[in-house]
Amino acid sequence: MPITTINPATGEEQPTKLEKLTPEQVERKLALAGEAFRAHRRTSIADRTAKMAAAGEILAGEKEKFARIMTMEMGKTLKSAIAEAEKCAWACRYYAENGARFLADEEVETKAKRSYVRHLPIGPVLAVMPWNFPFWQVFRFAAPALVAGNVGLLKHASNVPRCALAIEDIFRRAGFPEGVFQTLLIGSDAVAGVLDDPRVRAATLTGSTPAGSSVAERAGKNLKKTVLELGGSDPFIVLPSADLDLAAETAAKARCINNGQSCIAAKRFIVHADVYDAFTERFVRAMRAQKVGDPMADDTDVGPLAMESTRDDVERQVRESAARGAKVLTGGERIEGPGWFYPPTILAEIPEDAPAYREEVFGPVALLFRAKDADEAISLANDSDFGLGSSVWTRDEAEARRFVDELEAGMTFVNAMVASDPRLPFGGVKESGYGRELGSIGMREFMNIKSVWMEDEGPDEHPAAE
Ligand code: NAP
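So, here is what we can say about the structure in this document.

Quick notes on the rules
- Residues numbered from 1 in each chain as written.
- Predicted model: local features only at pLDDT ≥ 70, side-chain atom pairs only at ≥ 80, totals over all residues.
- Heavy atoms only, no water.
- Near = heavy atom within 4 Å.
- Polar contact = N/O pair within 3.5 Å; in protein donor to acceptor, adjacent residues only side chain to side chain.
- Areas by Shrake-Rupley, 256 points an atom, 1.4 Å probe, with all protein chains shown as cover.
- 1 Å grid on protein atoms, 1.4 Å probe; cavity = no way out; pocket = protein on both sides within 12 Å on 5 of 7 lines; lining within 4 Å.
- Sits in = over half its atoms within 2 Å of the grid points.
- Helix = DSSP H or I, 4+ residues; strand = E, 2+ residues; numbered from the N terminus.
- Core = buried A, V, L, I, M, F, W, Y, C linked by side-chain atoms within 4.5 Å.
- Buried < 20%, exposed > 50% of the residue type's maximum accessible area, 1.4 Å probe, protein only.
- Domains from an automatic or database assignment.
- Contact = heavy atoms within 4.5 Å.
- Pairing = 2+ DSSP bridges.

As for the site of the ligand
Around the ligand there are 29 residues in total, and Arg140, Ser158, Ser208, Leu230 and Glu360 lie nearest to it. The backbone of Glu229 places a nitrogen or oxygen atom 3.4 Å from a nitrogen atom of the ligand. In the environment of the ligand, a nitrogen atom lies 2.6 Å from a nitrogen or oxygen atom belonging to the backbone of Leu230. Coverage of the ligand by the protein amounts to 84% of the 900 Å² it exposes when considered alone. One can see that the ligand is located within the largest pocket. Broken down by secondary-structure element, the contributors of at least two residues to the shell around the ligand are α5 (136-148), β8 (202-206) and α8 (209-221).

Re the nonpolar core
Ranked by internal contacts, the top residues of the largest apolar core, which has 86 residues, are Met52, Leu59, Leu126, Phe135, Phe139 and Phe171. Residues from two domains meet in this core; each of domain 1 (19-230 + 432-465) and domain 2 (234-414) gives at least three. Discounting residues that sit within four places of it in the chain, Phe135 has contacts with Leu59, Phe66, Met70, Glu84, Cys88, Cys163, Ala166, Ile167 and Ile170.

Concerning the sheet that holds strand β4 (residues 114-121)
Pairing between the strands of a sheet comes from backbone hydrogen bonds, and it takes one of two forms, parallel or antiparallel. Taking strand neighbours across the sheet as the criterion, the 3 strands line up as β3-β4-β20 in an open arrangement whose pairing is antiparallel. At either end of the open sheet lies a strand with only one pairing partner, and these are β3 (106-107) and β20 (447-454). In this sheet, β4 lies alongside β3 in antiparallel orientation, the contact comprising 2 bridges. The partner of Glu107 across the bridge, within β4, is Tyr116.

By themselves these figures say nothing about function.
Written as structure tokens, this is what we have:
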């Protein structure tokens with residue numbers, strides 16, 4: 001079946017000769033993944049890290065070319081797409097430089113002559129990925145996975161097939177043998193079959209909570225491990241001691257990043273009553289200053305939403321929330337004309353029964369809340385099904401520590417916007433998912449963590465225990 005993609009900036013169909021894989025083609029790719037794993041797991045770490053470094057060089061050297069593919073398929077600004085390619089190159093370099101250290105045996109003292117923990121790869125891992133950071137989401141899975149000796153099967157979002165094929169090509173050109181990283185051009189209806197296949201050993205999904213739940217259910221039935229990086233409605237909390245100018249400027253950036261379509265975008269702005277009016281005035285100004293337009297242009301801050309359906313969803317959430325009493329402080333109406341543009345918008349006084357209160361809003365729409373004190377700010381922040389990132393603005397160290405301990409989130413950034421970093425684990429709690437990507441912890445998610453005991457005599461200190 002042919003695959004159709006639409007340029008979100010123009011609404012025009014992009015000419016394509018791409019076809020979805022037939023079941024027979026999927027079978028051949030799964031067989032190749034199994035074969036490739038048997039060879040790849042035996043290669044040295046030095047060999048794998050050299051190839052990962054080469055992948056990083058390709059990304060850095062051809063970043064404009066890759067960026068254009070991203071912008072044409074999902075509408076992010078070209079400058080942010082170039083930055084995304086650079087960040088992928090960083091992740092490749094990071095695992096090339098640190099992979100051997102993360103995978104080294106860990107000696108553990110016992111009564112054995114030698115006992116240690118060894119990290120071994122587990123096999124082909126299916127990665128179901130979203131369109132919003134079409135390169136980064138894939139590389140933050142693939143760079144550690146391939147260095148660890150696993151092989152990757154990518155089912156990318158249906159609107160970014162050229163990104164998916166370009167990524168496969170980067171790994172081939174970097175020297176990874178055929179089958180070590182393959183793109184499967186399949187729809188989400190074909191994912192269950194791949195998860196059922198015994199050659200596939202685990203799965204990672206980055207995407208919406210319903211998609212994560214569906215993949216986890218199927219994988220669970222097959223007793224396969226999953227890592228889930230799901231939606232978020234991150235709080236951005238402003239307290240009286242904050243630098244309000246910097247907080248408001250960062251707030252607009254944190255809400256509008258990636259045209260408002262980031263899992264870790266700040267979405268709920270919870271502001272202490274003492275600084276609510278002063279912050280709001282600055283924030284409205286900063287949101288209005290964001291330039292909406294052609295994503296290819298250098299001076300554009302906010303391009304179109306990725307799909308017509310994404311804009312329809314955002315529009316519905318804003319309209320229904322306003323109908324229930326939310327106040328629109330800026331924006332709030334779609335931009336007419338070709339493409340799926342929506343302006344930076346702020347909603348305030350949002351009632352609990354408004355869709356924007358509970359749902360993730362995947363567009364440049366900020367939700368503003370007033371908190372009477374720090375206690376109320378924490379309870380508002382935690383009154384969400386999600387728990388991905390969080391950002392707290394305060395110059396009071398004791399207050400900052402309290403928020404770090406009490407916010408139900410996988411990440412808390414103090415006086416900074418939330419961002420992923422290859423050196424730090426990334427992931428959430430509650431309906432934002434489980435497991436971690438990045439850092440050494442992310443690398444070990446898909447490994448057989450084997451205990452090794454080197455001595456004839458076995459452990460006997462607790463013979464009754466298993
Ligand atoms: P999505 O609709 O859930 O799609 C993500 C991927 O899952 C796509 O490849 C999609 O394939 C596939 N998929 C959808 N339903 C599925 C099902 N029932 N079974 C198997 N696969 C399924 O999400 P999206 O619209 O692309 O991305 C936006 C969401 O991702 C937001 O909620 C955002 O917060 C979240 N996100 C989370 C993170 C994180 O790190 N936590 C990062 C980025 C995005 P098709 O395209 O073929 O439908």
